[in-house]
Amino acid sequence: RLFALQLEEQMKELSDQRTSQIAGSLRSEKIRTYNFPQNRVTDHRCGVSVFDVENFVGNASGLGGVLDQLEEWHRNELVETLWTSRSSN
């Protein structure tokens, strides 16, 4: 019985870890929107919109501008996180 309880506890812990790592299907968690009627692609992580969907989808250079801005946004997020963690210590 003790082994069964231990096993059950480990399985629940693994299940909880897996659940926390999987993003939900909420609309607010989306990464990018492709709006063909408005000819717009929006990356919701950094808030960048590009107004040429066909170029964005069919050409690697169309994605380049968004990736550059996404990298800058990510660097700023890291700096903010480091600053916050240092300030709290």
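Here the structure is shown first, and the text comes after it.
Everything numeric here is computed off the predicted structure, so don't read it as measured data. (Residues numbered from 1 in each chain as written. Predicted model: local features only at pLDDT ≥ 70, side-chain atom pairs only at ≥ 80, totals over all residues. Heavy atoms only, no water.)

Draft legend 1. Up close: the overall build of the protein chain. Counting secondary structure elements, the protein chain contains three helices and three strands. Counted from the first residue to the last, the protein chain has its helices and strands arranged as α-β-β-β-α-α. Taken over 89 residues, the protein chain has a buried fraction of 15%. Residue pairs in contact within the protein chain that sit at least 24 positions apart in sequence constitute 11% of those at least 6 positions apart. (Helix = DSSP H or I, 4+ residues; strand = E, 2+ residues; numbered from the N terminus. Buried < 20%, exposed > 50% of the residue type's maximum accessible area, 1.4 Å probe, protein only. Contact = heavy atoms within 4.5 Å.)

Draft legend 2. Spotlight on the nonpolar core. One finds Val-41, Cys-46, Val-48, Val-53, Phe-56, Val-66 and Leu-70 forming the largest nonpolar core, which totals seven residues. Looking at this core, the elements that each hand over two or more residues are helix H2 (53-58) and helix H3 (60-88). Residues within four places of Val-53 in sequence aside, it is in contact with Asn-35, Phe-36, Asn-39, Arg-40 and Val-41. (Core = buried A, V, L, I, M, F, W, Y, C linked by side-chain atoms within 4.5 Å.)

Functional significance is not addressed by these values, which are geometric in nature.
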